[in-house]
Amino acid sequence: MMDVKKFEGIETPFYYYDKALLQETLAAIKAELSKHEGYHLHYAIKANANIDVLRVIQQAGFGVDAVSGGEIQRALDAGFAADKIVYAGVGKADWEINLGLDAGIFCFNVESLEELGIINELAAAKGKTARVCFRINPNVGAHTHANITTGLAENKFGIAMDDMETAIKAALEKKNIEFIGLHFHIGSQILEMGDFEGLCRRINELQDRLEAQGITVKNLNVGGGLGIAYDDPDGKPIPDFKKYFDTYTAGLQLRQGQQMHFELGRAVVGQMGSLITKVLYVKHAQVKQFCIVDAGMSDLIRPALYGAHHVIQNITSQEPQEKYDVVGPICESSDVFGKDEMLPACHRGDLIALRSAGAYGEIMACQYNCRKLPKAYLM
Ligand SMILES: *Cc1c(COP(=O)(O)O)cnc(C)c1O
């Protein structure tokens, strides 16, 4: 259980980031990566771009996976080396491509032939060469929420496997493009290793096909997507990185000297974060008891957006448990963090922790209802 004393005097709601857990998680990843030759991690910065968090990740020696110019800039500001930044996204604007070119990022993960043409033009105008990987849509499903699958033919991401050869040939002909590899990302919050095994089989097929045409691939980037135990933040604070990396090692037929790249986001930062909020009112309605807290969907949107559930703890009260719907102050019926939650009896002023909120929490906060953005503390 969290110690409420350390939160004394801090204005709620706020994100609390557990620095020790972040460091242990990074160490666990490093330990696993070091067992494999040529494996690299690019932290998916969109999960949490808090500058203090980024500095810790940067110091651990990892790179960054960015999906916008703003993220590239944030990564540079946090001290990440440009040659460890990869950049994906279906809609890269010219200024974003130019920023990547000027910084000298490791690679653009290209999602269409049109985009390849524009990158080539912009690179030519600067007298530079852009390194590119093609993002392939492997048409592999993932056992996760429909809004966070990305590798199906119906999703907007990537280039279809059948258009691969055409795309690579186009890249090889362009003067200001260096083709360096393939990129994939099938979705998020994936806990079944079978989904990643499915991706490995697709990659093996593809590599055989390309090899038959004399095309070699230096880098394979398999994206991110490893999930966390939202239902058990205290029991499983660190994801099973061994199982994750070993799945790829067993499933992929890697070629000589091939480099492997991973883009984990949620698995790196999810469990270290909690949204700390205060009970404003306890309302006894006819059929329900509502615990009304000062955080809302503007601070943590995952429950409203994906129907996600975060473990809710009253870290102040030790009284016998009662049943509550835990809700925020925002004028939307979907501003609900949990229904029929059993919590120690709640009173005005109690602190409530919404756990596993380190990923896609603070970064998705907005100012709906003209609210303040939540602050965050790494401690
Ligand atoms: C979001 C994203 C990731 C990270 O996903 P997680 O589920 O947080 O690991 C990796 N790569 C790309 C291209 C992404 O868009």
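This write-up is about the structure you can find in this document. Keep in mind that this is a model prediction, so the values were computed, not measured.

Notes on the side chain of histidine 42
Structurally, histidine 42 can be placed in strand β2 (residues 39-44). Using a relative accessible area of 4% as the deciding quantity, one classes histidine 42 as buried. A polar contact is formed between the side chain of histidine 42 and the backbone oxygen of lysine 84, at a distance of 3.0 Å. In contact with histidine 42, not counting residues within four places along its chain, are Gly63, Val64, Asp65, Lys84, Val86, His261, Phe262, Glu263 and Leu264.

Thoughts on the site of the ligand
As a structural note, the neighbourhood of the ligand is formed by 15 residues, with Lys46, Ser188, Glu263, Arg266 and Tyr360 the closest of them. In the model, an oxygen atom of the ligand is placed 2.7 Å from a nitrogen or oxygen of the lysine 46 side chain. Aspartate 65 places a polar side-chain atom, nitrogen or oxygen, 3.1 Å from a nitrogen atom of the ligand. In isolation the ligand has 390 Å² of accessible area, and contact with the protein removes 95% of it.

So, the state of the cysteines
Counted by the stated rule, this structure contains zero disulfides. In this structure cysteine 331 is not part of a disulfide, and its nearest cysteine sulfur, from cysteine 370, lies 11 Å away. On the basis of relative accessibility, which here comes to 63%, the residue cysteine 331 falls in the exposed class.

Parameters at a glance
Each chain has its residues counted from 1, following the order in which its sequence is written. Reporting in this predicted model follows two pLDDT cut-offs: at least 70 for local features of residues, and 80 or more for side-chain atom pairs to be given and counted; totals over whole chains, interfaces and linings ignore these cut-offs and use all residues. Think of the side-chain values as coming from all heavy atoms in the structure, minus any hydrogens and water. Think of it this way: any DSSP run of H or I at least four residues long counts as a helix, any run of E at least two long counts as a strand, and we number them from the N terminus. Working definition: with a 1.4 Å probe on protein chains only, accessible area under 20% of the residue-type maximum means buried, over 50% means exposed, and in between means partly exposed. Throughout this description, a polar contact denotes any pair of N or O atoms lying within 3.5 Å of each other; where both atoms belong to protein, one of them has to be capable of donating a hydrogen while the other can accept it, and for residues adjacent in sequence the pair is counted only when both atoms sit in side chains. We call two residues in contact whenever any of their non-hydrogen atoms come within 4.5 Å of each other. Summary of the distance rule: residues count as near a molecule or strand when at least one heavy atom falls within 4 Å of that molecule or strand. Per-residue accessibility takes into account occlusion by the displayed protein chains alone, with areas from the Shrake-Rupley method and a 1.4 Å probe. Note on terminology: disulfide denotes any pair of cysteine sulfur atoms within 2.5 Å.

So, to be careful, I would describe these as geometric facts and stop short of saying anything about function.
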